[in-house]
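Listed below, chain by chain, are the residues.
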Amino acid sequence: MISIRIQKLTKRFGAVTALHGLDLEIAPGELFFLLGPSGCGKTTLLRTLAGFYVPDEGRIFFGDEDVTQLAPHKRNTGMMFQSYALWPHMTVAENVAFGLEERRVARDEITRRVGEALDSVHMGAYAARRPNELSGGQQQRVALARALVIRPRCLLLDEPLSNLDAKLRLEMRAEIRRVCKEFKLTTVYVTHDQKEALSISDRMAILDGGRIRQVGSPREVYRRPTCKLVANFIGETDFIPGTMVSVGGGTVVVETACGRFEGVLGDPAATPAPGAKVTLSVRPECWMLSREATGRNTVKGTIGEAVYLGELAQYDFLANGQTLKILELNPRFLDPAARSEVFASARTEDVVVLVE
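Let us look at the structure shown here. If you're wondering where the values come from, they're calculated on a predicted model, not measured in any experiment. (Residues numbered from 1 in each chain as written. Predicted model: local features only at pLDDT ≥ 70, side-chain atom pairs only at ≥ 80, totals over all residues. Heavy atoms only, no water.)

## Quick notes on empty space enclosed by the protein
Condition: Think of a 1 Å grid over the protein atoms and nothing else: a 1.4 Å probe that fits but is trapped marks a cavity, an open set flanked by protein within 12 Å on at least five of seven lines marks a pocket, and residues with an atom within 4 Å of a point count as lining. Grid points are joined across faces, edges and corners, and a volume is the space filled by probe spheres set on the points. Under the scheme used here, helices are H or I runs from DSSP no shorter than 4 residues and strands are E runs no shorter than 2 residues, and both carry numbers assigned from the N terminus.
Applying the stated rule across the entire model yields 1 cavity of 30 Å³ or more. There is about 50 Å³ of room inside the largest cavity. Taken together, Tyr222, Arg223, Arg224, Pro225, Ser281, Val282, Arg283, Cys286, Glu349, Asp350 and Val352 form the lining of the largest cavity. Mapped by element, the contributors of at least two residues to the lining of the largest cavity are helix H7 (218-223) and strand S14 (277-282).

## Re the layout of surface pockets
Which parts of space are left empty comes out when a probe the size of a water molecule is rolled across the atoms. The condition is simple: Nonpolar residues are Ala, Val, Leu, Ile, Met, Phe, Trp, Tyr, Cys and Pro. Charged residues are Asp, Glu, Lys and Arg, and all others, Gly as well, are polar.
Its boundaries defined by the atoms lining it, the largest pocket holds a volume of some 510 Å³. Broken down by secondary-structure element, the contributors of at least two residues to the lining of the largest pocket are strand S6 (77-80), helix H2 (92-102) and helix H4 (136-149). Of the residues belonging to the lining of the largest pocket, the class tally is 9 nonpolar, 5 polar and 3 charged. A volume near 150 Å³ is recorded for the second largest pocket. Every residue lining the second largest pocket is listed: Arg113, Glu116, Ala117, Leu148, Val149, Arg151, Pro152, Phe183 and Leu185. Listing elements by their share of the lining of the second largest pocket, those giving two or more residues are helix H3 (107-120) and H4. Counting residues per element, the lining of the second largest pocket draws most heavily on H3, at 3 residues. Its residues placed into classes, the lining of the second largest pocket shows 6 nonpolar, no polar and 3 charged.

## Quick word on the sheet that holds strand S18 (residues 322-329)
What links the strands of a sheet is backbone hydrogen bonding, and the strands pair in either a parallel or an antiparallel sense. As a reminder of what qualifies: Two strands pair if DSSP finds at least two bridges between them. Axes here refer to lines fitted to C-alpha atoms; in helices the fit is confined to the stretch in contact. Angles between the N-to-C directions go from 0 to 180 degrees.
Across the sheet, which stays open at both edges, the 5 strands sit in the order S15-S19-S16-S17-S18 with antiparallel pairing between neighbours. The sheet is open, and its two borders are formed by strand S15 (288-290) and S18, each paired with just one other strand. Neighbour-to-neighbour, the strand axes of this sheet turn through a mean angle of 45°, independent of strand direction. Pairing of strand S17 (residues 312-319) with S18, which is carried by 8 bridges, proceeds in the antiparallel orientation. Looking at S18, one finds that Ala313 is bridged to Glu328.

## Concerning the side chain of Glu159
For clarity, the cut-off: Buried means the residue's accessible area, taken with a 1.4 Å probe over protein chains only, is under 20% of the maximum for its type, while exposed means over 50%, and partly exposed covers the values in between. Note on charges: Lys and Arg go in the positive column, Asp and Glu in the negative column, and His and the chain ends are not counted at all. Any Lys or Arg side-chain nitrogen located within 4 Å of an Asp or Glu carboxyl oxygen qualifies as a salt bridge. Note on contacts: a residue pair qualifies if any of its non-hydrogen atoms lie within 4.5 Å across the two residues.
By the secondary structure assignment, Glu159 is in the loop between strand S7 (154-158) and helix H5 (166-182). Buried charged residue Glu159 carries no salt bridge. Nearest counter-charge: Lys42, at 4.8 Å. In contact with Glu159, not counting residues within four places along its chain, are Lys42, Gln82, Val190, Thr191 and His192.

## Structural notes on the pattern of salt bridges
Within the structure shown, the criterion is met by 27 salt bridges. A salt bridge links Glu109 to Arg112; its shortest N-O distance comes to 2.8 Å. One end of the pair, Glu109, and the other, Arg112, are both in helix H3, 3 residues apart, so they sit about a helical turn from each other. For Glu109, a relative accessible area of 22% puts it in the partly exposed group. Between Glu116 and Arg112 there is a salt bridge; the shortest N-O distance is 2.7 Å. Of this pair, Glu116 and Arg112 both sit in helix H3, 4 residues apart, roughly one helical turn. Judged by relative accessible area, which is 38%, Arg112 ranks as partly exposed. In the salt-bridge network here, residues are joined through shared partners; they are Glu109, Arg112, Arg113, Glu116 and Arg151.

## Looking at the pairing of strand S12 (residues 251-256)
Relative to S12, strand S11 (residues 238-248) runs antiparallel, the two sharing 6 bridges. Counterpart to Met244 in the pairing with S12 is Val254. What sits between S11 and S12 in their antiparallel hairpin is a turn of 2 residues, with Gly249 showing a positive phi close to 65°. With 5 bridges joining them, S12 and strand S13 (residues 259-265) adopt antiparallel strand pairing. Opposite Glu255, over in S13, you have Arg260 as the bridge partner. Counted along the chain from S12 to the antiparallel partner S13, the turn is 2 residues long.

Pasting the structure below:
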C-alpha cells in the first residue's frame, strides 16, 4: 500500500487552467473518489496521476517517491477506463496477460498470475472467450483483472461503471470495493454518480473549476456540506435564504421568510457577522411533518403535489411563497383532507448554515 500526495498541482491547456494549485493527500489503502460537475477537473487530475499529463506546477508523490516527471509505464499504476479498452481479437486470458507480456514476465508466471487475477473477479471460467462473447458486466470484470494482474502500486478508475445498466452497476460497486480492499490497493475513482461515491468510498473530494471545494467521508460531505455547490451536488436539499442573527455555543440563529431557524455552520471556519446573508440547507428527509407546531425550526404550510413511492412519499411543501421538497417515510399525509394545514420541523443539527 502507498499513499498519494499532491502538492500545489497546476495543469493548463493553453489559456485554460484545468487545475489550480491542488493540495491533496490520499491514505494507503484508501478508496478515494473524485466528484464534481462536468469540466471540474476530476479526469484531468486522474490522468495527471497516471502520467498522461505532465503538470505545469506542483509535485506528485507515490509514497516517498516523486513521480511528477515519471513516464506512465514507469509509475506501475493500474487503470480502468469507461470504455473497457479490451482487444477484440484476443481472448479474455490474452487481454489480461497483455501488460505482463509487455513487462517481459516469464510465461509460467504470466499463466499463474492471469489465473489468479481472473479468479479474483470470478471470471476464471471465461478465460478462453473473446470480449464480444461477454456481457457488459463480465467485460468490466476482465478490465479490472487486467488492471490488477500487474500488481499496481495504485488503481486509477475513470467512470468505470457508466456503461452498465442499473442492476449491474450495483453489483459492480460492491465487487470493486471488495477487490480493492482484498488487494489493499490505494484507489482513486472518478465518477459523476453520487450514489456510487456515497455507497463505497472511504473519502471523497468535490471539485469545481479545477479547485477542491471539500474533502471528507461520505457522511461528512452529505451531512455537513461547506458550500452551496457541494450541498446541491451531493444529494437533494432545500435552500432557504436568510440573514444572520447570532452565533454562539456551536449554533447559529438565522432569520428567514419562513421563520427563525437555529442551525450549525457547514464550514466551522466561517464566522458570519450579524446581518450577513446566508443560506440554510435542509435535506428533504430531515423534515418531520405534524399537524401541530413542535417548537423551534418549525414552518407552517400546506402540501401541494404528492408523489407516492410505496415506502415513502415526496411532497411539495408550500410555505410563505417558497416550495420545499419533503420526504416522508411510511406516509401519513397523502390524503388531500390531511393537507390543509401542516407543520414541518427540522432538528438543529439538520439545519446547515452556508456562508458564501
